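# Commentary on secondary and tertiary structure
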2 protein chains.
Amino acid sequence: SEEDFNLAAIYVSDAQYNRNVYFDTSPQAVRLYMLYNHWALKVLLYFFMLVNLSLAIFEDPAVYPLPIWATMLVEILCLLIFTIRVIHYAKVILRDKFWKDPKNICIIVILTLTLVDMIIYGALKAANYYGVRWSRVLRPLLLVNVTEGRQLRRAFRSIRNALPQIFYVFLLFMFSILIFALMALKLLGKRGLTNINGTPYFTSYLEIMFDLYVLVTTANSPDVMMPAYNANFFFAVFFIVYILINTYIFMSVFLAVVYNNYKKYLKEEVRQLVRAKRHKMVRAFGVLQEQREEGGEPVVTQASWNQLVRLVQPNLSNAHRELLWSVSDDKNQGAIGKVAFVQLADLLNIEIITIKSRPHPLQSLCPSLYQSAPSKLLCQLVQHRAFVMVYDLIILVNAVFIGLDEENPMIANSEWVFLALYILEILLKLYVFEPRVFFSKHSFWNWFDTVIVISALVATIVNSVMKSSSHFSSRQILDIVFILRVLRLIRVVDSIKRFRTIINTLIRIGPAILTFGQLIIVVYYIFAMVGMELFKGKVTFYEQSSTDPAKAYCGNPLLNGTDFAKLNYCKNNFNDVVSSFILLVELTVVNQWHVLSSGFATVTHISARIFFVLFHFIVVIVILNIFVAFVLEAFFVEY
Amino acid sequence: SEEDFNLAAIYVSDAQYNRNVYFDTSPQAVRLYMLYNHWALKVLLYFFMLVNLSLAIFEDPAVYPLPIWATMLVEILCLLIFTIRVIHYAKVILRDKFWKDPKNICIIVILTLTLVDMIIYGALKAANYYGVRWSRVLRPLLLVNVTEGRQLRRAFRSIRNALPQIFYVFLLFMFSILIFALMALKLLGKRGLTNINGTPYFTSYLEIMFDLYVLVTTANSPDVMMPAYNANFFFAVFFIVYILINTYIFMSVFLAVVYNNYKKYLKEEVRQLVRAKRHKMVRAFGVLQEQREEGGEPVVTQASWNQLVRLVQPNLSNAHRELLWSVSDDKNQGAIGKVAFVQLADLLNIEIITIKSRPHPLQSLCPSLYQSAPSKLLCQLVQHRAFVMVYDLIILVNAVFIGLDEENPMIANSEWVFLALYILEILLKLYVFEPRVFFSKHSFWNWFDTVIVISALVATIVNSVMKSSSHFSSRQILDIVFILRVLRLIRVVDSIKRFRTIINTLIRIGPAILTFGQLIIVVYYIFAMVGMELFKGKVTFYEQSSTDPAKAYCGNPLLNGTDFAKLNYCKNNFNDVVSSFILLVELTVVNQWHVLSSGFATVTHISARIFFVLFHFIVVIVILNIFVAFVLEAFFVEY
Ligand code: NA
């Protein structure tokens, strides 16, 4: 029956996309589940997720302030959408499974807490009290707990699994810092040395601990050792031993522990996925199986199979489907058993790059012209190696021209020549190669070329029109033109085979880097929200043109004379969500983070450093190492 | 015959220590080869190697200047020793093998070039001309090419094998920097922005390239982006994309490429070693084999085997040797075939930790006392968990006391109490455990404890005596006392099981880190020699007490107002070999290397930056990544 086919199709599609949902198998629930998996609903969900996260841009402290009622209204709309989605999910899966799954509980708790926080905050604001929107830190967690956040949950689980081991190494590492700090205090504290700004050197135990922690990140090397080194040669040995043990050995051990756990965990996850996939395919088989002969093995007929595949992947071509069938039914019996059927999920995932020797459209339109001798010669020329080399040469000349001064009218006009040459190249290639092959999903560089050249053409024309009509050129459009011009040069790497393999590896690990990007955004968002509550408005940025004397100390007299103010770091603040994100990137890069953290400690309290050390531990030691482990593993598999 | 046994013993010992020497099998050559492998000759060789390297301390620019004739004389002595060693080696191995081996050619070339250089330099100096001792860069290469430098050669070979792949990634990486620099020039060069010191921002292409290369190392983050970021929010995006691609992705790719090659190469090396070892053992078997019965398999009798093992490892106990025989001759036939014989090299390498239930010496001396009830109680107490915990507590209290002010007489005297407690602990343990077991080769912590406590006792007594006799305490001795006191605290980590496993892993990879240390010393020495020729005397360090106005700019007016002078980096110079090594460590740590390199570029020429970029590429990108790969691999195997 149709219901059976729907059920089987759901099983197959769950197996295909590694979804592990214990949905209710009643016909009504199955239909609801098919709706739940509809791409439009997922896009809608992620759109509102994005809207919900973006609210931070408009909430106090805001980049573009909006009244509280406006952001609250949008947030309630988002909460409503999320609630509907959860209810939809609850209708789809079995009651007890729903309440046993921590991710559902998480979502319900987050939604409830957010609502409670909004009510309290609204009430406080209405009564003109001070309120904190603390539930904003929970927003990114929705991204993790939503049904589609499988990859992200896997990343978090892998971190959680590695944490105990990381923690023990971290304890040992902290013990090592404690010991070295004690030694430094005893050796250097009583010598009356001074820092470069005249403050006493290495006299407070807590300060030494912080300085040595910073030294592990290398951010204050060699400054932290200079006073001791200036006093005596041998003290350099102390710092070198410290760096060897704590920066090189311990940091490598952190990477080793994270990588080791990552590999172990990944293997276990892959094993479970394979098991779950098989289980689902067996269920699908169970739904569709028939017995062709008395006492024979149950099978699925080609007719059922065809109907199933059409349901699972409606856009599959007939030829492709027939190919899959002939692979499954290799003995040509018109039906397949369980073993062959179970492979279907994997077969559907294999992308078959059909090298269609389809004729060029021009050949169908005017075969005589396309087959003529000059046309054939042209095709040969374009496909010749020399054609690529000529264009590589053009790109190099173009690079030189870009480097030259564009005020020169000769050079400014040369841009049109280059643009014309690039467009000519694309047109020639389209003349020679079948357009659908040229623009196939895997032809990254053809897409790249075409998009860049056409964008450059449009931007250059807009720029010229604006210039000639109003004698005024928009800085933004010029910037875009410049960027596109330079990006065009990247194409040259595709001509060199060695580079192509490296770049292709990087492109292939791209999607997985996106999961990693989500992970980092979740962590950044939480730190940004906490950071904004702690440090907003403590440091002010004054425009370059400002003549306010407070500009010299970022508007906070406490910063007068600190490195933070001297290095002009005023714009590195937590005054809005965008500034916070940029500041967190700077903290991830690690350099000068002690200046940044000391700046914020100066304007608040010394304990503010905890925020920055915590950030360093979580983002740099744990998450970045997972990133490195991930790139390493990907490279070993691909390269 | 004796000669046969010598030959077989040499084969076995070569197999045991993985020596691949194609020595001449004539009896005379075999005896010479046995002499060649004598430990005393090896120690002598390494001693003169060290002397030869240490000459840099006494040669111009010197830490302790010596006249040229003195250092030259010592160097000639060293060269003589090395020449004798090479001649010895030439007598040992076959003529054609000697000249086919690149390491011998290398040594002869190095020795010849050094001699030529010394003659030229001596002549120039005698005629009062300027001369450069360029052959000094060759000195560390002796360490690599000497017969015993197998591990080091393997490390260099693994680098050489990885270089082509690293090079292609490096080219792509440089291309990426070129493209970003061009974009930065176009986007930022014409906006009239200024650096914090008022100089124009991002206007010269070469400067931008250098700044962006430095940004990859994170050393000038976020300073390099602040002028652009202050001008406009969106420019931060440019720098973030740059850091993501070049710092995170490219640096991870470098690690991946190095690690991948390292693993591949290591596997191949291990395979070859196993093959060569087997080959040598088969030859040893061939020398000693006899045929016990007509047409039977050739065997080696127990008598021959015993004589052989006595020759190979004279200090092996009879019990141990009998154990090895019974393992080989498992069927108890009094003779072993080829297959069993070949395992001997590996059997000899297995360290058998014999848990000797040897009685305690006191028990043999006065059994009645040692077996008495109070004595037994004491033994039980010391072996109880509480004993460890009590001493951990004592260590913690000690740590607090160390942290307190030692000027206080009560606290100064408490040191004696702690010392007494630690000595008591060692004595108690020696009372309970058999001393040879307590001080066995693998009891790292017992050795550590005893050495530290006894040194501390000696140093504290010396210090007290000096204080009471002359009312003057030596700062150096006090420093040593402080260091020993703090080091004692480390022992606490051994009580925690989790820590113990991590530390044991680190201790086990210790020997291999030593090979790595040699590798880095070779590279540092070469860079130090070149750096001293290029930059000696350009930057001067003035003592703290100096009132010379030149102190503010390190004695070089060109440095006036530069970051190098402002940050008081005058002692970071190439004026002698020790300063050079410390500076190179700072460059390895990478932070502020742009300030250091710009300083030396200012006092010489802008192209001096090439020296620093080259150092960064070789040491940080190649060698440090090999170190990380090595720690990772070791941890995966051990942990
Ligand atoms: Na740094």
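The structure presented is a predicted model; accordingly, all values stated were derived computationally and were not measured.

Rules used throughout
Residues numbered from 1 in each chain as written. Chains lettered and ligands numbered in written order. Predicted model: local features only at pLDDT ≥ 70, side-chain atom pairs only at ≥ 80, totals over all residues. Heavy atoms only, no water. Contact = heavy atoms within 4.5 Å. Buried area = accessible area lost by both parts, 1.4 Å probe. Salt bridge = Lys/Arg side-chain N within 4 Å of Asp/Glu carboxyl O. Axes fitted to C-alpha atoms, helices over the stretch in contact; angles between N-to-C directions. Helix = DSSP H or I, 4+ residues; strand = E, 2+ residues; numbered from the N terminus. Left-handed = near helix turned anticlockwise from the far one by under 90°. Nonpolar A, V, L, I, M, F, W, Y, C, P; charged D, E, K, R; others polar. Donors = N, O, S within 2.8 Å, 3.2 Å for Na, K, Ca; no water. Domains from an automatic or database assignment. Polar contact = N/O pair within 3.5 Å; in protein donor to acceptor, adjacent residues only side chain to side chain. Phe/Tyr/Trp six-rings, centres within 6.5 Å; stacked < 30°, edge-to-face > 60°. Lys NZ or Arg CZ within 6 Å of the ring centre and 35° of its normal. Pairing = 2+ DSSP bridges.

Right, let's get into the interface of chain A and chain B. Listed by partner, the interface residues are 90 residues for chain A and 90 residues for chain B. Across the chain A/chain B interface, buried area totals approximately 8500 Å², and carbon plus sulfur atoms make up 71% of it. On the chain A side of the contact with chain B, A:Lys186, A:Asn230 and A:Lys571 bury the most area, a combined 8% of that side's loss. Between the two partners, chain A and chain B, sit two salt bridges. For A:Asp479, the salt bridge identified is with B:Arg191, shortest N-O distance 2.5 Å.

Attention now moves to the packing of helix H19 (residues 385-403) of chain A against helix H23 (residues 475-489) of chain A. Residues and elements named next belong to chain A. Two elements in contact, H19 and H23, have axes separated by 9 Å at closest approach and are oriented at 145°. Where H19 crosses over H23, the two elements pack in a sense that is left-handed. Contacts between H19 and H23 involve Ile-395, Asn-398, Ala-399 and Ile-402 on the former and, on the latter, Arg-485, Val-486, Arg-488 and Leu-489. Its residues placed into classes, the contact of H19 with H23 shows five nonpolar, one polar and two charged.

It is worth spelling out the coordination of the sodium ion at this point. All of the protein donors around the sodium ion are A:Asn591 (OD1) and B:Asn591 (OD1); their distances to the metal are 2.6 Å. In this pair, A:Asn591 sits in the loop between helix H27 (577-589) and helix H28 (593-603) while B:Asn591 sits in the loop between helix H27 (577-589) and helix H28 (593-603), so the two residues belong to two different chains.

Residues and elements named next belong to chain A. One can read the domain layout of chain A as domain 1 (22-146), domain 2 (155-269), domain 3 (289-349), domain 4 (361-495) and domain 5 (510-638). Computed over C-alpha atoms, the centres of domain 1 and domain 5 are 28 Å apart. Counting residues at the interface gives 18 residues for domain 1, matched by 14 residues for domain 5. Both faces combined, the contact of domain 1 with domain 5 buries some 1300 Å², and carbon together with sulfur accounts for 71% of it. For domain 1, the biggest contributors to the area lost against domain 5 are Pro-61, Arg-136 and Val-137; these three give 35% of the whole. Between domain 1 and domain 5 we count two residue pairs in polar contact (both at pLDDT 80 or more) in total. Among the secondary structure elements, those contributing two or more residues to the side of domain 1 that touches domain 5 are helix H3 (39-54) and helix H7 (139-145). Here the side of domain 1 that touches domain 5 takes five residues from H7, the largest share from any one element. For the side of domain 1 that touches domain 5, the class distribution of residues is 13 nonpolar, one polar and four charged.

As a further point, take the packing of helix H8 (residues 150-188) of chain A against helix H19 (residues 385-403) of chain B. Running from N to C, H8(A) and H19(B) cross one another at 35°; their axes reach a closest spacing of 10 Å. In this structure, H8(A) crosses over H19(B), and the sense of that crossing is left-handed. For the pair formed by H8(A) and H19(B), the contact residues are A:Leu182, A:Leu185 and A:Lys186 on the first element and B:Ala399, B:Ile402 and B:Gly403 on the second. Considered class by class, the residues forming the contact of H8(A) with H19(B) number four nonpolar, one polar and one charged.

This part takes up the packing of aromatic side chains. By the definition in use, this model includes 94 aromatic pairs over all chains. Ring centres 5.5 Å apart and planes at 70° place the aromatic pair A:Phe401 and A:Phe418 in the edge-to-face group. Of this pair, A:Phe401 sits in helix H19 while A:Phe418 sits in helix H20 (residues 409-432), and the two are 17 residues apart along the sequence. Their ring planes at 25° and their centres at 6.0 Å tell us that A:Phe444 and A:Phe448 sit as a pair that is stacked. Of this pair, A:Phe444 and A:Phe448 are both found in helix H22 (residues 444-470), four residues apart, which corresponds to roughly one turn of the helix. Within the aromatic cluster, the residues linked to one another by ring pairs are A:Tyr524, A:Tyr525, A:Phe527, A:Phe535, A:Phe564, A:Tyr569, A:Phe574, A:Phe581, A:Phe600, A:Phe611, A:Phe612 and A:Phe615. The ring of B:Phe636 has A:Lys263 sitting right over it, with the charged end atom 4.4 Å from the ring centre. The side chain of B:Lys263 reaches across the aromatic face of B:Tyr259, ending 5.2 Å from its centre.

Further remarks concern the pairing of strand S2 (residues 298-301) of chain A. All names here are of chain A. Inspection of the sheet shows strand S1 (residues 290-291) paired to S2 by two bridges, in the antiparallel sense. Bridging from a neighbouring strand, Gln-291 pairs with Pro-298 of S2. Joining the antiparallel neighbours S1 and S2 is a turn of six residues, in which Gly-295 adopts a positive phi near 70°. In this sheet, strand S3 (residues 335-336) lies alongside S2 in antiparallel orientation, the contact comprising two bridges.

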